[in-house]
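# Coordinate analysis (summary)
Now for the letters of each chain:
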Amino acid sequence: YPASITKIMTGMLALEKGDLSQTVTMSEEAVFSIDRSSAHIALDVDEEITLEQALYALAIASANEAANGIAETVSGSVADFAKEMNQTAVEAGGENTNFTNPNGLHDDNHYTTAYDMAKITAAALQNPKFAEIFGTEKYDIPPTNKQAETRSMWPRNKFINGAYAYDGILLSKTGWTEEAKYTLVTAAQRGDR
């Protein structure tokens, strides 16, 4: 079970199919279909943010409701987005993967392999904006139609926040669910490798 490293595929597909300036309007389903004890940034029903802001929330804060909003905006529904995730995984070389949602919250039919995630991440890295988003150290979402305060986000991921120094880090995404335990995808570059 991949847990939140699923969001690598979510981000890759959103960057492929979406427009960073398009509006993500949070539906009741997107907001309330997640367990409120899971990672989120307290987006509200009918709250509007850009796809770019939602992607930063996805990458930095691992916001599960943002993942749902991204899926609905890009593909019309979470179910249709999951179908596209699976097709894109196969195109990237992932042969033992099945995604059922954009956030990685547990589902017995939501699974992958380390090899497949390496292939998916390599494909995602073909878009320079992907590494920019998934490797960023701080991001602010300005006030919205439902939130008067700026939302500031910093990654807890120690490869990104500087707690673990490692040359050439491009991106790192962590995940955790009770069933998956800890998951991690990290990419770095040194020279041509």
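Residues numbered from 1 in each chain as written. Predicted model: local features only at pLDDT ≥ 70, side-chain atom pairs only at ≥ 80, totals over all residues. Heavy atoms only, no water.

To continue, consider the packing of helix H1 (residues 7-17) against helix H6 (residues 114-124). Look at H1 against H6: their axes get within 10 Å of each other, and the N-to-C directions meet at 30°. The pairing of H1 with H6 is recorded here as roughly parallel in orientation. Crossing angle aside, the handedness with which H1 passes H6 is left-handed. In this structure, H1 contributes Ile-8, Met-9 and Met-12 to the contact, and H6 contributes Met-117, Ile-120, Thr-121, Ala-123 and Ala-124. Among the residues making up the contact of H1 with H6, the classes are represented as 7 nonpolar, 1 polar and no charged. (Axes fitted to C-alpha atoms, helices over the stretch in contact; angles between N-to-C directions. Helix = DSSP H or I, 4+ residues; strand = E, 2+ residues; numbered from the N terminus. Parallel < 35°, antiparallel > 145°, perpendicular 65-115°, else oblique. Left-handed = near helix turned anticlockwise from the far one by under 90°. Contact = heavy atoms within 4.5 Å. Nonpolar A, V, L, I, M, F, W, Y, C, P; charged D, E, K, R; others polar.)

One non-glycine residue with positive phi stands out, namely Ala-42, at about 60°. By the element assignment, Ala-42 lies in the loop between helix H2 (28-32) and strand E2 (48-50). Classification of Ala-42 as partly exposed rests on a relative accessible area of 43%. (Buried < 20%, exposed > 50% of the residue type's maximum accessible area, 1.4 Å probe, protein only.)

This part is about the pairing of strand E6 (residues 181-188). Side-chain positions along a regular strand alternate between the two faces of the sheet. As paired elements, strand E5 (residues 169-177) and E6 share 8 bridges and run antiparallel to each other. Bridged to Ser-172 within E6 is Thr-186. What sits between E5 and E6 in their antiparallel hairpin is a turn of 3 residues. (Pairing = 2+ DSSP bridges.)

In a regular helix each residue adds 1.5 Å, so 12 residues correspond to 16 Å; helix H4 (residues 64-75) covers 17 Å between its end C-alpha atoms and thus fits that length. With 11 of its 12 residues buried, H4 lies for the most part within the structure. When H4 is considered as a whole, its buried residues turn out to be Asn-64, Glu-65, Ala-66, Ala-67, Asn-68, Gly-69, Ile-70, Ala-71, Glu-72, Val-74 and Ser-75. Those residues of H4 hidden inside the fold are in contact with H1, strand E1 (23-25), H2, helix H3 (51-60) and helix H5 (78-92). Just past H4, the residue Gly-76 takes up positive phi, approximately 95°. (Expected span 1.5 Å × (residues − 1).)

If you walk through the whole model with that rule in mind, you get 4 aromatic pairs. The interplanar angle of 5° and the centroid separation of 3.9 Å between the aromatic rings of Tyr-56 and Tyr-139 together place this pair among those described as stacked. Of this pair, Tyr-56 sits in helix H3 while Tyr-139 sits in strand E3 (residues 139-141); the two residues are 83 residues apart in sequence, bridging distant segments of the chain. The exposure classification of Tyr-56 matches that of Tyr-139, with both residues buried. Across the ring face of Tyr-166, the terminal group of Arg-190 is positioned such that the distance to the ring centre comes to 4.4 Å. (Phe/Tyr/Trp six-rings, centres within 6.5 Å; stacked < 30°, edge-to-face > 60°. Lys NZ or Arg CZ within 6 Å of the ring centre and 35° of its normal.)

Another point: the packing of H1 against H4. Their axes nearest at 10 Å, the elements H1 and H4 cross at an angle of 35°. Crossing geometry of H1 relative to H4 is assigned as left-handed. Contacts between H1 and H4 involve Lys-7, Thr-10, Ala-14 and Lys-17 on the former and, on the latter, Asn-64, Ala-67, Ile-70, Val-74 and Ser-75. Classifying every residue of the contact of H1 with H4 by side-chain character gives 4 nonpolar, 3 polar and 2 charged.

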